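# Fold and contact review
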Amino acid sequence: MNLILAEMSRLLSRRFAQLMILLLIVTFILTVLVVLGKSKQPTEDMWIVARSAAASAAREQQQDYNACLNNPTRPTASCESLKPRAVPEEYLYGVFTFAHEIKNLIYFLTAFLALFGFLVAASSIGSELHSGSVVNLLLWRPNRTAVLGAKLGVALGFVAVVSVVFTLVYIGTFYGLAAWVGWVGHTEDRGFWIDLILVCMRGITLALVLSAIGFAIATIGRHTAAALGSLIGYIIVWELGARLIVETLNVDNSNTSRDQWFLASHVIAWMSGRDGYSLTTFADATMTLAVIVAALTALAFISFRRRDIT
Amino acid sequence: MTAVIEIAGLRKTFRGLLDGRKIALDGFDMVVHAGQVHGFLGPNGSGKTTTLRALLGLVRADGGSMTILGTPSRRFADVAHRVGAIVESPTFFKNFSGRHTLRLLARAGGVPLENVEEALAMVGLVHRAEDPVGGYSLGMKQRLAVASALLKRPELLILDEPANGLDPAGLHEMRRLLRAVATDGVTVLISSHLLSEVEQICDSVTIISRGRRVAHGPVTEVLAGHDRGEYFIRAGALDLARTRLEAEGFNVRPVDGGLIASGVTDPAHISETLGREGIWLAELTPLGPDLETVYLDLTATRPRPGRLSEVDRVDEHASVPEPIEIEAAP
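Since we're looking at a predicted model, the values are computed, not measured.

### A short note on the overall build of chain A
The secondary structure content of chain A amounts to eleven helices and zero strands. What you see in chain A, going N to C, is helices and strands ordered as α-α-α-α-α-α-α-α-α-α-α. For chain A, the spread of C-alpha atoms along the principal axes amounts to about 70 × 50 × 30 Å. Here the contacts in chain A between residues at least 6 apart in sequence split such that 77% fall between residues at least 24 apart. Accessible surface for chain A amounts to roughly 15,400 Å². Of this, 67% is attributable to carbon and sulfur atoms. Distance from the positive charge centre (23 side chains) to the negative charge centre (20 side chains) of chain A: 12 Å.

Okay, here's the thing in structure tokens:
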């Protein structure tokens, strides 16, 4: 318990963590200001235009959906995303509609929280390993597994608390903004809040997954930069480069299996919470992310336990 | 006398993908007895810090045995609360204050927070305790490091280069501090390059070179083992004096302002020889070896005219004496 309290104190006192929190707050304020500046309450004329546009769009979507269902080369499940979904609030231009836009904002927040968690968790161990200050700690608490476990636990706990608080503040603030300068939308619809809570929970879990990955890579590489470098390298070399090559050369005709090679597909599938948004299934995505986190964390602990601390 | 640290046949080889194998310790032995202030000397890269790291469980040894406070060092966790240590210059977060840094360590180690103020007072950092560590001088950081080692009120204090960056007043304070903790019954193992400091404060010493022990024992006995029986002679008629002394079998060489005779077992013989020739002595001074001389000889690191020495390299052409085995008095 002492170790965990000391680690919490250490993490909260770190300038990098404070700076990252500040960055989150600044991003949040900017998003609020943008919404405030661009949104206004809908007038009756705006509703008439929106209803007409939505009806027209719904007809086109129905045609596309029917064409998909009638196409023998496409599996029925893949047509799920083409189901007609057009609703009038989508066509209320210049109006912030909470029910319609909050999910996209949560995705945006998730991306930030994931990056925040990745960097803060990586830095919490990477900077100490690189600077040698972990030596001091090990002279006090020579149990390496306990020390690394405490650091990982505190980093994940910190990211979880920040994520939950920011998510609640985010939702509360944008609900208030919608009521004030926009339109709240059909939040009374059955399942809206449950769906939103599930999206938030998946977002927070993703931030924790990325935090654990950042922590593990920084531990194995003994430096925060190892985690950041790995992330940038992975995105450039694999997600962009390899995906381009695979698609250009058409290495595999089965889109489903090809998609599974890329982590971004799994992240999209995970965040969607259901099959159909990505060619990877939700179950595959869950399993892949869990295996990656477990493998990297295990490697980090083995490496930290066995290596010479110099 | 109880051995607090016992190291026997310690071996460690570092293996790197790019820089190959490097033998850091090659069968190293060391014994530190309770209540001693023990000096641990050796050139850069000789294996001092690796030894301390292995002892403290930071580095995995390839062979040999180590006990610390009677416990095998692989179970260092069992005795960690009784050992205060700093290895090399510890790194602290720059934006944390000295007091906050020590409080974090105290909390992590389950040590009462009152110890923080006591440790700060012992190293003379009370008035700067709230300043960020980033603003500390090297000497102040070193004091903070020593304070962190003292926090536990340890039975055994292991300090790797504690005098780094200290000014003369700081050195004096450090010497006083180490003596004070030793008087309280704390065993101190101190690794240092400041040989005069070690000579002044240490009861016993171990000298390491190329990963092996080349000398150990009480400081006075290590020095005595290297006493060449040299005397400085100042007198009139130096040429005649030299001739007479050489005729008596002394090994004599001229130096600025006098002569140095070596291999002297009885200085009265010099006085008698010169007196017989009517040459009156103005000065006859024994030139006992100091620790620096002994160290340079034993580690083969004595600078040679016209050659620049390299870190981590000993003089391959220098003759390295056989290890001196002087056991501490029981």
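### Regarding the overall build of chain B
Assigned secondary structure in chain B consists of eleven helices and 15 strands. Its C-alpha atoms give chain B principal-axis dimensions of roughly 75 × 45 × 45 Å. Across the 330 residues in chain B, those meeting the buried criterion constitute 49%. Partitioning the contacts of chain B with sequence separation of at least 6, the portion at a separation of at least 24 is 68%. Summed over its atoms, the accessible surface of chain B is roughly 15,500 Å², and 50% of this surface lies on carbon and sulfur atoms. Of the charged side chains in chain B, 36 are positive and 42 negative; the average position of the first set lies 8 Å away from that of the second.

### Side note on the state of the cysteines
Residue and element names in this part refer to chain A. In this structure the tally under the stated criterion is one disulfide over all chains. Through a disulfide, Cys68 is tied to Cys79; the S-S separation comes to 1.8 Å. Taking the torsion about the sulfur-sulfur bond, which here is approximately -80 degrees, the covalent link between Cys68 and Cys79 counts as left-handed. On the criterion of sequence distance, the pair formed by Cys68 in helix α3 (residues 44–70) and Cys79 in the loop between α3 and α4 (98–131) is long-range, its members being eleven residues apart.

### Examining the sheet that holds strand β14 (residues 281–286) of chain B
Residues and elements named next belong to chain B. What the four strands build is an open sheet, ordered β12-β13-β11-β14; its pairing is antiparallel. Edge positions in the open sheet fall to β12 (251–255) and β14, since each of these has one partner strand only. Mean inter-strand twist for the sheet, computed between neighbouring axes without regard to direction, equals 25 degrees. Relative to strand β13 (residues 258–262), strand β11 (residues 231–235) is paired through three bridges, and the arrangement is antiparallel. In the strand pairing of β13, Ile233 is matched with Leu259.

### Section: the pairing of strand β4 (residues 63–68) of chain B
On any regular strand, side chains alternate: one points to one face of the sheet, the next to the other face. Residue and element names in this part refer to chain B. By the bridge criterion, five bridges tie strand β1 (residues 3–16) to β4 in an arrangement that is antiparallel. By the bridge assignment for β4, Ile7 is matched with Met66. Where β4 and strand β5 (residues 71–72) come together, two bridges link them in antiparallel fashion. Bridge pairing links Thr67 to Pro72 in β5.

### Re the domain arrangement of chain B
How big an interface is tends to be stated in terms of the accessible area lost upon association of its parts. As assigned here, chain B comprises domain 1 (3–224 + 292–313) and domain 2 (231–286). Taking only C-alpha atoms, the centre of domain 1 of chain B and the centre of domain 2 of chain B are 44 Å apart.

### Overview of the domain arrangement of chain A
All names here are of chain A. According to the domain assignment, chain A contains domain 1 (3–42 + 97–306) and domain 2 (43–91). Averaged C-alpha coordinates put domain 1 and domain 2 at centres separated by 32 Å. Contact with domain 1, which involves nine residues of that partner, is made by eight residues of domain 2. Summed over both sides, the interface of domain 1 with domain 2 buries roughly 740 Å², with 66% coming from carbon and sulfur. The interface formed by domain 1 and domain 2 holds zero salt bridges in total.

### Focus on the nonpolar core
Grouped together as the largest cluster of nonpolar side chains are 150 residues, with contacts concentrated most on Phe174(A) and Ile158(B). Here this core gets 16 residues from one element, more than from any other, and that element is α4(A). Excluding anything up to four places from it in sequence, Ile158(B) contacts Ile5(B), Leu52(B), Leu55(B), Leu56(B), Ile68(B), Val83(B), Gly84(B), Ala85(B), Ile86(B) and Leu189(B). Ala235(B), Val252(B), Ala261(B) and Ile270(B) belong to the second-largest nonpolar core, a separate cluster that totals 13 residues.

### Considering the environment of Val59(B)
Of note, Val59(B) is situated in the loop between α1 (48–55) and β4. Between the C-alpha atoms of Val59(B) and Gly47(B), which are twelve residues apart in sequence, the distance is 12 Å. Contact partners of Val59(B), with chain neighbours within four places excluded, come to Arg144(A), Asp308(A), Ile309(A), Thr310(A), Lys12(B), Phe14(B), Arg53(B) and Ala54(B).

### Digging into unusual backbone geometry
Residues and elements named next belong to chain B. If you check the backbone angles, Glu161 has positive phi at about 50 degrees while not being a glycine. Within the secondary structure layout, Glu161 lies in the loop between β7 (156–160) and α6 (168–183). The residue Ala237 is not glycine, and still its phi comes out positive at about 50 degrees. Considering the arrangement of structural elements, one finds Ala237 in the loop between β11 and α9 (238–247). The exposure class of Ala237 is partly exposed, given its relative accessible area of 46%.

### Points about the interface of chain B and chain A
Contact residues are listed per partner, giving 32 residues for chain B and 28 residues for chain A. Between chain B and chain A lies a buried interface of about 2,500 Å² when both sides are counted; carbon and sulfur atoms form 61% of it. It is Leu58(B), Phe93(B) and Ala108(B) in chain B that bury the most area against chain A; as a group they hold 24% of the surface buried on that side. As a salt-bridge pair, Asp308(A) and Lys12(B) come within 2.7 Å of each other at their nearest N and O atoms. There are nine residue pairs in polar contact (both at pLDDT 80 or more) connecting chain B and chain A. Of all the secondary structure elements, the ones that give two or more residues to the side of chain B that touches chain A are β1, α2 (76–79), β6 (83–86) and α3 (98–109) of chain B. Among the elements that line the side of chain B that touches chain A, the one with the most residues is α3(B), at seven residues. Considering only residue class, the side of chain B that touches chain A consists of 20 nonpolar, seven polar and five charged.

### A few points about helix α4 (residues 114–123) of chain B
All names here are of chain B. All buried positions along α4 are accounted for by Asn115, Val116, Ala119, Leu120 and Val123. Down the axis of α4, the smallest arc covering the buried residues is 135 degrees, so these residues share one side. Where the residues of α4 are buried, they touch α3, α5 (138–150) and α6. Immediately beyond the C-terminal end of α4, within one or two residues, lies Gly124, with a positive phi of roughly 75 degrees.

### Brief notes about the sheet that holds strand β2 (residues 20–33) of chain B
One key point about sheets: their strands pair by backbone hydrogen bonds, in either a parallel or an antiparallel sense. Residues and elements named next belong to chain B. Overall, antiparallel pairing links the four strands, which are arranged β2-β1-β4-β5 in an open sheet. Edge positions in the open sheet fall to β2 and β5, since each of these has one partner strand only. Where β1 and β2 come together, eleven bridges link them in antiparallel fashion. For Thr13, the partnering residue across the bridge sits in β2 and is Ile23. The sheet strands contacting α1 are β1, β2 and β4, and the helix crosses β1 at an angle near 110 degrees.

Reading the values: the criteria
One numbering rule holds for all chains: residues counted from 1, following each sequence as written. By the order in which they are written, chains take letters starting at A while ligands take numbers starting at 1. The predicted origin of the model limits local features to residues at a pLDDT of at least 70 and limits the giving and counting of side-chain atom pairs to 80 or more, whereas totals for whole chains, interfaces and linings rest on all residues. Heavy atoms from the whole structure form the basis of all side-chain values; hydrogens and water molecules are not counted. Numbering of helices and strands runs from the N terminus, with a helix taken as a DSSP run of H or I at least four residues long and a strand as a DSSP run of E at least two residues long. Contacts between residues were defined by any pair of non-hydrogen atoms, one from each residue, lying within 4.5 Å. To measure how exposed things are, a 1.4 Å probe is used in the Shrake-Rupley method; for residues, cover is taken only from the protein chains shown. We count Lys and Arg on the positive side and Asp and Glu on the negative side, and we leave His and both chain ends out. In plain terms, the charge of a residue is placed at NZ if it is Lys, CZ if Arg, CG if Asp and CD if Glu. Relative accessibility decides the category of a residue: with a 1.4 Å probe and only protein chains considered, values under 20% of the type maximum give buried, values over 50% give exposed, and everything between is partly exposed. When two cysteine sulfur atoms lie within 2.5 Å, the pair is treated as a disulfide. The criterion for strand pairing is that DSSP finds at least two bridges linking the strands in question. Simply put, an axis is a line fit to the C-alpha atoms, just over the touching stretch for a helix, and the angle between two N-to-C directions goes from 0 to 180 degrees. The split into domains, and so the bounds of each, comes from an automatic or database assignment of domains. Here the buried area means the combined drop in accessible surface, using a 1.4 Å probe, for two parts upon being joined, counting both sides. A carboxyl oxygen of Asp or Glu within 4 Å of a side-chain nitrogen of Lys or Arg is what we treat as a salt bridge. The set of buried Ala, Val, Leu, Ile, Met, Phe, Trp, Tyr and Cys residues whose side-chain atoms join them within 4.5 Å is what this entry labels a nonpolar core. Within 3.5 Å is the distance limit for a polar contact, defined as a pair of N or O atoms, with the added protein rule that one can donate a hydrogen and the other accept it, and that residues adjacent in sequence qualify only through two side-chain atoms. Throughout this entry, Asp, Glu, Lys and Arg are counted as charged residues, while Ala, Val, Leu, Ile, Met, Phe, Trp, Tyr, Cys and Pro are counted as nonpolar. The remaining residues, Gly among them, count as polar. In this description, one arc is meant: the one made by directions from the helix axis to the C-beta atoms.

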